[in-house]
Protein chains: 2
Amino acid sequence: MNHDLESDRALLDRLSRADQVADILRTRVLQGYFPPGERLAEGAIGSALGVSRNTLREAFRLLTHEGLLVQELNRGVFVRVPTVDDVVDIYRVRKLVECQAVRGITPETVMLGAIERLGAALARADSASADEDWLGLGTANIDFHAEIAALAGSPRIDALMQRLLAELRLVFHVMADPRRFHEPYLARNRELFELIRAGDGPGTERALGAYLDDAERQLVQAYTDGRRAWVVSAS
Amino acid sequence: MNHDLESDRALLDRLSRADQVADILRTRVLQGYFPPGERLAEGAIGSALGVSRNTLREAFRLLTHEGLLVQELNRGVFVRVPTVDDVVDIYRVRKLVECQAVRGITPETVMLGAIERLGAALARADSASADEDWLGLGTANIDFHAEIAALAGSPRIDALMQRLLAELRLVFHVMADPRRFHEPYLARNRELFELIRAGDGPGTERALGAYLDDAERQLVQAYTDGRRAWVVSAS
DNA sequence: GCATATTTGTCCGTATGTATA
DNA sequence: CTATACATACGGACAAATATG
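Residues numbered from 1 in each chain as written. Chains lettered and ligands numbered in written order. Predicted model: local features only at pLDDT ≥ 70, side-chain atom pairs only at ≥ 80, totals over all residues.

Even after reading the chapter, I still don't get the overall build of chain A, so can you show me in this structure?
Per the secondary structure count, chain A includes 10 helices and three strands. Traced from its N-terminal end to its C-terminal end, chain A shows the element sequence α-β-α-α-β-β-α-α-α-α-α-α-α. For chain A, with 235 residues in total, the buried portion stands at 36%. Of the contacts formed within chain A by residues at least 6 apart in sequence, a portion of 72% connects residues at least 24 apart. (Helix = DSSP H or I, 4+ residues; strand = E, 2+ residues; numbered from the N terminus. Buried ≥ 20, exposed ≤ 12 C-beta atoms within 10 Å, placed from the backbone. Contact = placed C-beta atoms within 7 Å.)

The structure is reproduced here in structure tokens:
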């Protein structure tokens, strides 16, 4: 736990300190800088970021509420270690939200802005794949599906999806080999993109359902396989 | 703002102080004890509950994250005043979640426990209606629909619904006449209950969709009518 | 428009309780 | 079982922003 947090101190300028600290820690957790199971000590992080314990605790409480950290009374805060049940539930909600979002698509209702953002996410995925940046590829894939959910046009769905996908990134950090997982889904996302652009709602829903079922199955598999390893390392 | 919070001090016994304080304040807000737009001063509430400002601020941050309070920098925290856009979005998500939850219902998949809990919520609504307890009727109706969402069998959907319905209660507190709004929906909830018990998924979905459309229309109407009154009172 | 009082945002010191070596 | 380390919670302090006269 000898990380270098001093470089983030320059970012503390606007907004409330607790929110800034929460942003920094959220980024660190989602990057895998703080891996699942790691304990975040108040003293070390507080002094590293140059904020008081009170402020830091406010930030911890925020991230705990977002599901990224867990707080054990009088023991401290830890990066959450998602369980297999979490994976199953995350995909249950993804299917519900994403499939519903694309169901109503018709050639008339397709918005140009949405297509553009979906295409941009795909382009980032391509670029990351070319650079063999597998973490970046996973992020781009996630962004693509956040844009799919955004087709519902609801700020609350957007927020829900943001939190769901943050949890999912936690799941990815538990996995061993990110490449083999993320790579095949790039082509399938492109397929989804074409279906959406063509305005084929039912077709998109079918393909998306199969996509999510496959991804879930593969994740659950990888999880049960590598289970013992990280359960031990986290305790 | 001369409220009596001392009676809640007896409840502070287990869990972290901040969580306990958040529970108390959440209850007060949802009861309408702290109406939308009211400012919650750190000094007054802190001394009334007998907790330090730091602890109280942690509780505030929790409730802010839940969407019940809003924090304006250097101005304080206020009970959130939902807008018409909020109402529309809340119902957009309700339709998405609740309709999807009942769509797959068949006579074979109906769970006895779920039927029981739905019936219990209906009974509470009946009892509240008989007592002319309109706030209680609204709560029971809300519980009924939380059970509908629970048919999806997802902890995350349950949590989402809980937060959505908490926001909705905030909306109700802005309305003028709760009776005329809640009463007619009791009969319609009973109708939904019978459809679910019969295992008629598509029929339930249709009726539920119409239910939510009507409720949304009526709320938006009431909101635009009484708009000027509380916008002024909240500023 | 200005000066004052109030309130928030933040930090620090310290005491107490809990878990772990 | 004792001792140590740490989280929890409190109270006080100060600067900054806001509200009030």
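What should I look at first to understand the sheet that holds strand S1 (residues 39-40) of chain A in this one?
Two pairing modes exist for strands in a sheet, parallel and antiparallel, and in both the strands are linked by backbone hydrogen bonds. All names here are of chain A. Read across the open sheet, the three strands follow the order S1-S3-S2; overall the sheet is antiparallel. Two strands bound the open sheet, and with one partner strand each, they are S1 and strand S2 (69-72). Pairing analysis gives two bridges linking S1 to strand S3 (residues 76-79), with the strands arranged antiparallel. Considered in S3, the bridge of arginine 39 is made with phenylalanine 78. Each of S2 and S3 is contacted by helix H3 (residues 53-66), which is oriented at about 115 degrees to S2, the strand it contacts most. (Pairing = 2+ DSSP bridges. Axes fitted to C-alpha atoms, helices over the stretch in contact; angles between N-to-C directions.)

What should I look at first to understand the protein's contact with DNA strand C in this one?
With respect to spatial proximity, 19 residues lie near DNA strand C, and among them Arg17, Ser52 and Thr55 of chain A together with Glu42 and Gly76 of chain B are the closest. Secondary-structure elements contributing two or more residues to the surface near DNA strand C are helix H1 (17-31) and H3 of chain A together with helix H2 (42-49) and helix H3 (53-66) of chain B. Broken down by element, the residue count for the surface near DNA strand C peaks at three residues, all from H3 of chain B. A breakdown of the residues in the surface near DNA strand C according to their chemical character gives four nonpolar, 10 polar and five charged. (Near = placed C-beta within 6 Å. Nonpolar A, V, L, I, M, F, W, Y, C, P; charged D, E, K, R; others polar.)

Help me out: how do you make sense of the protein's contact with DNA strand D in this one?
Glu42 and Gly76 of chain A together with Ser16, Arg17 and Thr55 of chain B are the nearest of the 18 residues found near DNA strand D. Among the secondary structure elements, those contributing two or more residues to the surface near DNA strand D are helix H2 (42-49) of chain A together with helix H1 (17-31) and H3 of chain B. In terms of residue class, the surface near DNA strand D is built from four nonpolar, nine polar and five charged.

Would you mind showing me how to read the relation of the copies chain A and chain B here?
Note that the two copies of the chain are related through a rotation about an axis and a translation along the same axis. When chain A is brought onto chain B, the operation consists of a screw motion whose angular component is 180 degrees and whose axial shift is 0.1 Å, with 0.1 Å RMSD remaining. What we have between these two chains is a two-fold relation. Within chain A, glutamate 58 of chain A has its C-alpha nearest the rotation axis, a separation of 2.8 Å. Looking at chain A, 100% of its interface residues are interface residues in chain B too, so the copies touch through the same face. (Least-squares fit on C-alpha atoms with pLDDT ≥ 70 in both.)

Any chance you could explain the interface of chain A and chain B here in plain terms?
The parts lose accessible area when they come together, and the size of an interface is often stated as this lost area. Contacts between the two partners involve 20 residues from chain A, matched on the other side by 20 residues from chain B. Mapped by element, the contributors of at least two residues to the side of chain A that touches chain B are H3, helix H4 (84-103) and helix H7 (155-174) of chain A. Ranked by residue count, the leading element in the side of chain A that touches chain B is H3 of chain A, at six residues. When grouped by side-chain class, the residues that make up the side of chain A that touches chain B number nine nonpolar, five polar and six charged.

Would you mind going over the nonpolar core with me for this structure?
Soluble, globular proteins show a tendency: their nonpolar side chains are buried together. Counting residues in each nonpolar core, the largest one holds 122 residues, and the members touching the most others are Ala59 of chain A together with Ala59 of chain B. For alanine 59 of chain B, the residues in contact, after removing those within four places along its chain, are Ala18, Val21, Ala22 and Leu25 of chain B. (Core = buried A, V, L, I, M, F, W, Y, C linked by C-beta atoms within 7 Å.)

How should I be thinking about the pairing of strand S3 (residues 76-79) of chain B in this particular structure?
Walk down a regular strand and you will see the side chains alternate between the two sheet faces. What you see with S3 of chain B is a clean split: Val77 and Val79 of chain B sit on the buried side and Gly76 and Phe78 of chain B on the side with no burial. Linking strand S2 (residues 69-72) of chain B to S3 of chain B, which pair antiparallel, is a turn of three residues; within it asparagine 74 of chain B sits at a positive phi near 65 degrees.

It is not clear to me how helix H9 (residues 201-225) of chain B should be interpreted in this structure. Could you clarify?
Residues that lie three or four places apart on an α-helix share one face, since the helix turns once every 3.6 residues. Residues and elements named next belong to chain B. If you check H9, its first and last C-alpha atoms are 36 Å apart, about what 25 residues at 1.5 Å a residue would give, namely 36 Å. What H9 keeps buried is the set Gly201, Thr204, Glu205, Leu208, Tyr211, Ala215 and Leu219. In this structure, the buried residues of H9 make contact with helix H4 (84-103), helix H7 (155-174) and helix H8 (178-197). (Expected span 1.5 Å × (residues − 1).)

How do you make sense of H3 of chain B when you look at a structure like this?
Between its first and last C-alpha atoms H3 of chain B spans 20 Å; for 14 residues at 1.5 Å apiece the expected length is 20 Å, and the two agree. The set of residues buried in H3 of chain B consists of Thr55, Leu56, Arg57, Glu58, Ala59, Phe60, Arg61, Leu62 and Leu63 of chain B. Structurally, H3 of chain B contributes buried residues whose contacts are with H1 and H3 of chain A together with H1, H2, S2 and S3 of chain B. Two residues or fewer past H3 of chain B, glycine 67 of chain B is found with a positive phi of approximately 90 degrees.

Looking at this model, I keep getting lost on the pairing of S2 of chain B. Mind explaining?
Note: S2 of chain B against S3 of chain B, four bridges, orientation antiparallel. When the sheet's bridge partners are listed, leucine 69 of chain B is paired in S3 of chain B with valine 79 of chain B.

Would you mind going over the packing of helix H6 (residues 134-150) of chain A against helix H8 (residues 178-197) of chain A with me for this structure?
Two quantities define a packed helix pair, namely the angle between the helix axes and the distance between the axes. Residue and element names in this part refer to chain A. Here H6 crosses H8 at 40 degrees, and the two axes come no closer than 9 Å. Relative to H8, the element H6 is oriented oblique. Crossing angle aside, the handedness with which H6 passes H8 is left-handed. Here Trp134, Leu135, Leu137, Gly138, Asn141 and Phe144 of H6 come into contact with H8, specifically with Pro178, Arg179, His182, Tyr185, Leu186 and Asn189. For the contact of H6 with H8, the class distribution of residues is seven nonpolar, four polar and one charged. (Parallel < 35°, antiparallel > 145°, perpendicular 65-115°, else oblique. Left-handed = near helix turned anticlockwise from the far one by under 90°.)

Bear in mind that shape data such as this cannot, by itself, settle questions of function.
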